[in-house]
Amino acid sequence: MAGKVKWVTDIEKSVLINNFEKRGWVQVTENEDWNFYWMSVQTIRNVFSVETGYRLSDDQIVNHFPNHYELTRKDLMVKNIKRYRKELEKEGSPLAEKDENGKYLYLDFVPVTYMLPADYNLFVEEFRKSPSSTWIMKPCGKAQGKGIFLINKLSQIKKWSRDSKTSSFVSQSTKEAYVISLYINNPLLIGGRKFDLRLYVLVSTYRPLRCYMYKLGFCRFCTVKYTPSASELDNMFVHLTNVAVQKHGPVMNNDKHCFECYGYDIIIDDKLKPWLIEVNASPSLTSSTANDRILKYNLINDTLNIAVPNGEIPDCKWNKSPPKEVLGNYEILYDEELAQGDGADRELRSRSGQSLGPKAGRSRDSGRTVLTTWK
């Protein structure tokens, strides 16, 4: 067994196990020495908890960052996006530019959202500006469409509050936190049905930030034709696309033992504007069709090729970009080291009076355009 990667997983999915076995890796238990652990978000909490005090060695890697929830919990994602916007405004970044109505021109990609019960008064103020609008409520810590419902009256919020056995919105510790977002009631439809897009993004390190976007993804469709009618607010088959229903880097803790593949859920409205709905730390690996199984198998294969170079025992001290020939269907979304190097090179040439030419802002590494700036 010397020299072979020893793996563990608490997620028994064929697209995972087949990829491990194809590489000749050896399965062990979590109580034995292991090199690679594909684990659930529940398990990762135990691995990085202060009480457990578990220390990973340089030849061990896991598939989640310690505080991934800063991006994948619905309330924290919104909070961090709002903080990012404010930081850009302070910096005077052109990305924070607003139109005459005070809306962001480039950062308005998340529906208006509040946290309940904390932001209840702010929500009521916004609701009364447009009392005919529809809002969608989601529990912060749940997934797969659980606990989601739509409202278009303040009385429905009060009923929810009573049903949750709490007498007021002041007592936050005894009440499950929810996010409430303005519902996208003009979604782009295909065949009369609402759908969303699932995109995959792999982060191999947050400091320096290096992330990849998967070129393949899929759409999830509602089983019932869409209608904005108030009479259908309770029919989740009209509004939710979750398969389970249907059958910013400054705050992330980097850890050299970690990588993470996120599932981004995007809804496109009838004006072709994309809206970020949520980010998933454990995108489903369940396959419902042959094409779905092939896509997810290849996704895991390409992820492992980046996270575990050459299928060899991990070395957390290795922090180089993998060669582009192993990326498969991934392409570089952002590489902080490459961006900084490219920026320094352009500044040097600018000071020396050299023309930047048509290749300015492009990577010299691959011969194709690569994003070299985040902001």
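Scroll up a little and you will see the structure.
Described in the following lines is the structure provided in the data block. Model, not experiment: these values are computed from the prediction.

For strand β10 (residues 193-206), the buried fraction is high: 10 of the 14 residues fall into the buried class. The loop that links strand β9 (residues 189-190) with its antiparallel partner β10 comprises 2 residues; one of these, Gly191, has a positive phi angle of about 60°. Here β10 runs beside strand β12 (residues 218-221); their pairing, made up of 4 bridges, is antiparallel. Paired with Asp196 across the bridge in β12 is Arg220. Bridge analysis of β10 against strand β13 (residues 260-268) gives 7 bridges, and the strand direction is antiparallel.

Let's shift gears to the sheet that holds strand β4 (residues 61-62). Taken in spatial order, the 4 strands make up an open sheet running β2-β1-β3-β4, and their pairing is parallel. Taken across any chain shown, the strands that pair with only one partner, and hence form the sheet edges, are β2 (26-27) and β4. Judged from the 3 bridges that link them, strand β1 (residues 6-9) and strand β3 (residues 36-38) form a sheet pairing that is parallel. Among the inter-strand pairings, Thr9 is bridged to a residue of β3, identified as Trp38. Against the sheet, helix α1 (residues 14-22) contacts β1 and β3, and its axis sits at roughly 175° relative to β1.

Further remarks concern helix α4 (residues 74-91). The end-to-end C-alpha distance of α4, which contains 18 residues, comes to 26 Å, matching closely the 26 Å that a straight helix rising 1.5 Å per residue would cover. When α4 is considered as a whole, its buried residues turn out to be Lys74, Asp75, Leu76, Met77, Val78, Asn80, Ile81, Tyr84, Arg85 and Leu88. Where the residues of α4 are buried, they touch α3 (69-72), β5 (113-116), β6 (135-139), β8 (178-182) and β14 (274-280).

The next thing to look at is the packing of aromatic side chains. Inspection of the entire model under this criterion finds 18 aromatic pairs. Their ring planes at 65° and their centres at 4.7 Å tell us that Tyr214 and Tyr330 sit as a pair that is edge-to-face. Each member of the pair, Tyr214 together with Tyr330, is buried. One aromatic cluster is present, built from ring pairs that chain together Trp7, Phe20, Trp25, Phe36, Trp38 and Phe259. Taking the ring centre of Tyr114 as reference, the NZ or CZ of Lys82 above it sits at 5.4 Å. Sitting over the face of the ring of Tyr104, Lys98 holds its NZ or CZ atom 4.8 Å from the ring centroid.

Along the chain, Asp196 falls in strand β10. A residue is classified by how much of its surface remains accessible, and Asp196, at 5% relative accessible area, is buried.

This next bit is on the packing of α1 against helix α9 (residues 290-307). The contact between α1 and α9 brings their axes to 9 Å, and the two run at 50°. One element, α1, and the other, α9, form an angle in the oblique class. In terms of crossing hand, the pair formed by α1 and α9 is right-handed. The segment α1 lies against α9, with Val15, Leu16, Asn18, Asn19, Phe20 and Lys22 engaging Arg293, Lys296, Tyr297, Ile300, Asn301 and Leu304. Split by residue class, the contact of α1 with α9 holds 6 nonpolar, 3 polar and 3 charged.

Right, let's get into the environment of Arg210. Of note, Arg210 is situated in strand β11 (residues 209-214). The exposure class assigned to Arg210 is buried, which follows from its relative accessible area of 2%. Of note is the side chain of Arg210, whose polar atom sits 3.3 Å from the side chain of Asp335.

The next thing to look at is a negative patch on the surface. Taken together, the side chains of Glu32, Asp33, Asp59 and Asp315 present a region of like negative charge at the surface. By the secondary structure assignment, Asp315 is in the loop between α9 and β15 (330-335). On the accessibility criterion, Asp315 (44% relative accessible area) is partly exposed.

Moving on, we get to the sheet that holds β8. Sheets are built from strands that pair by backbone hydrogen bonding, the pairs being arranged parallel or antiparallel. The antiparallel open sheet is built from 4 strands, whose spatial order is β5-β8-β6-β7. Of all strands in the sheet, those with a lone pairing partner are β5 and β7 (149-151), marking the two edges. Recorded for the sheet is a direction-independent mean angle of 30° between the axes of neighbouring strands. Pairing of β6 with β7, which is carried by 3 bridges, proceeds in the antiparallel orientation. From the neighbouring strand, Met137 faces β7, where its bridge partner is Phe149. Sheet contacts for α4: β5, β6 and β8; angle to β5, the most-contacted strand, approximately 130°. Contacting β5, β6, β7 and β8, helix α5 (residues 120-129) runs over the sheet at an angle of about 140° to β5.

At the junction of Leu116 and Pro117, the peptide bond is cis and its omega measures out at 10° in the coordinates. With respect to the element layout, Pro117 can be found in the loop between β5 and α5. A cis amide bond, omega 0°, links Arg207 with the succeeding residue Pro208. Structurally, Pro208 can be placed in the loop between β10 and β11. Even without glycine at this site, Leu272 takes up a positive phi of about 65°. Relative to the helices and strands, Leu272 is located in the loop between β13 and β14. The exposure class of Leu272 is exposed, given its relative accessible area of 63%. Positive phi values are uncommon outside glycine, yet Asn310 reaches one of about 65°.

How each quantity is defined
Residues numbered from 1 in each chain as written. Predicted model: local features only at pLDDT ≥ 70, side-chain atom pairs only at ≥ 80, totals over all residues. Heavy atoms only, no water. Buried < 20%, exposed > 50% of the residue type's maximum accessible area, 1.4 Å probe, protein only. Helix = DSSP H or I, 4+ residues; strand = E, 2+ residues; numbered from the N terminus. Pairing = 2+ DSSP bridges. Contact = heavy atoms within 4.5 Å. Axes fitted to C-alpha atoms, helices over the stretch in contact; angles between N-to-C directions. Expected span 1.5 Å × (residues − 1). Phe/Tyr/Trp six-rings, centres within 6.5 Å; stacked < 30°, edge-to-face > 60°. Lys NZ or Arg CZ within 6 Å of the ring centre and 35° of its normal. Parallel < 35°, antiparallel > 145°, perpendicular 65-115°, else oblique. Left-handed = near helix turned anticlockwise from the far one by under 90°. Nonpolar A, V, L, I, M, F, W, Y, C, P; charged D, E, K, R; others polar. Polar contact = N/O pair within 3.5 Å; in protein donor to acceptor, adjacent residues only side chain to side chain. Patch = residues over 30% accessible without salt bridge, like charges linked within 9 Å, V, L, I, M, F, W, Y side chains within 5 Å. Areas by Shrake-Rupley, 256 points an atom, 1.4 Å probe, with all protein chains shown as cover. Salt bridge = Lys/Arg side-chain N within 4 Å of Asp/Glu carboxyl O. Lys, Arg positive; Asp, Glu negative; His and termini not counted. Charge placed at Lys NZ, Arg CZ, Asp CG, Glu CD.

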